[in-house]
Amino acid sequence: MISSESPVSREYTPFYPARAPFGVQQRRILCANDLSTHAERAVKAAAVLANRLGAQLTVLHVIPAHKTERSVDAAHERLLTHLTTSGLSLDSTPVLAVREGDVAKAIAQVAKESAADLIVMGTQRKRALAPVLGTTAERVIALTQS
């Protein structure tokens, strides 16, 4: 469990494989979070995976570009709350990232920057245009494969 005093970074910082034991490739998990109840469950699932695999966990929230600095601070605090209740190992130092812009593009960008092996996302909401535009997960997959 992570205490509120844990050192958690606000921006993505590269994870260096040199920290992993010799001959072991460090795994990286990215958890995209929209601050909903479903996303809180996704953070818990990502924490379980990170604990079992000894993986570096990055938790990301994307806000619209026109939001204020107060929105960024509020999102950061909510992400920290989700992490505190996630059951993530005390040995782990997660990375918290709050980005602005298009959700799918930001998730794909952070996944590439962090060399994520796995992306964990919450369940999707029903949207009328999803069959036409694709779900966020489908758009992230398309963007990360290019």
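Residues numbered from 1 in each chain as written. Predicted model: local features only at pLDDT ≥ 70, side-chain atom pairs only at ≥ 80, totals over all residues. Heavy atoms only, no water.

S.K.: So what's going on with the pairing of strand S2 (residues 56-63)? Residues and values would help.
M.R.: In terms of burial, S2 is a largely internal element, eight of the eight residues being buried. Alternating residues of S2 divide into Gln56, Thr58, Leu60 and Val62 and Leu57, Val59, His61 and Ile63, and every residue in both groups is buried. Sheet topology note: the strand S1 (residues 28-32)/S2 ladder contains five bridges and is parallel. When the sheet's bridge partners are listed, leucine 30 is paired in S2 with threonine 58. Assessed by its sense of winding, the connection that carries the chain from S1 through helix H1 (residues 37-53) to S2 is right-handed. (Buried < 20%, exposed > 50% of the residue type's maximum accessible area, 1.4 Å probe, protein only. Helix = DSSP H or I, 4+ residues; strand = E, 2+ residues; numbered from the N terminus. Pairing = 2+ DSSP bridges. Right-handed = clockwise from strand over helix to strand, strands pointing away.)

S.K.: Pulling in residues and values, what's your account of a nonpolar patch on the surface?
M.R.: Taken together, the side chains of Leu49, Leu53 and Leu118 make up a nonpolar region of the molecular surface, amounting to roughly 220 Å² of accessible area. Residue placement: leucine 118 occurs in strand S4 (residues 118-120). Leucine 118 gets classed as partly exposed once you look at its relative accessible area, which sits at 35%. (Patch = residues over 30% accessible without salt bridge, like charges linked within 9 Å, V, L, I, M, F, W, Y side chains within 5 Å. Areas by Shrake-Rupley, 256 points an atom, 1.4 Å probe, with all protein chains shown as cover. Salt bridge = Lys/Arg side-chain N within 4 Å of Asp/Glu carboxyl O.)

S.K.: Tell me about the packing of helix H3 (residues 103-114) against helix H5 (residues 136-145), and please be specific about residues and values.
M.R.: Interaxial distance between H3 and H5 falls to 9 Å at its minimum, and their mutual angle equals 45°. As summarised for this structure, H3 and H5 are arranged oblique, according to the angle between their axes. When you trace H3 past H5, the crossing you get is right-handed. Of the residues in H5, those touching H3 at Val103, Ala104, Lys105, Ile107, Ala108, Ala111 and Lys112 are Thr136, Arg139, Val140, Leu143 and Thr144. Partitioning the contact of H3 with H5 into residue classes produces seven nonpolar, two polar and three charged. (Axes fitted to C-alpha atoms, helices over the stretch in contact; angles between N-to-C directions. Parallel < 35°, antiparallel > 145°, perpendicular 65-115°, else oblique. Left-handed = near helix turned anticlockwise from the far one by under 90°. Contact = heavy atoms within 4.5 Å. Nonpolar A, V, L, I, M, F, W, Y, C, P; charged D, E, K, R; others polar.)

S.K.: Would you mind going over the nonpolar core in detail, with residue names and values included?
M.R.: Counting 21 residues, the largest nonpolar core has Ile29, Cys31, Leu57, Val59 and Leu83 as its most contacted members. Broken down by secondary-structure element, the contributors of at least two residues to this core are S1, H1, S2, helix H2 (69-84) and strand S3 (95-100). (Core = buried A, V, L, I, M, F, W, Y, C linked by side-chain atoms within 4.5 Å.)

S.K.: Quick one: what's the story with the sheet that holds S3, residue by residue and with numbers?
M.R.: Read from one edge to the other, the open sheet built from four strands follows the order S3-S2-S1-S4, with strand pairing classed as parallel. If you trace the sheet from one side to the other, it starts and ends with S3 and S4, each paired once. In this sheet, adjacent strand axes meet at a mean angle of 25° when their direction is disregarded. Bridge count for S2 against S3 is six bridges, and the pairing is parallel. Bridged to valine 62 within S3 is arginine 99. Seen against the sheet, H3 touches S1, S2, S3 and S4 and runs at an angle of roughly 155° to S2.

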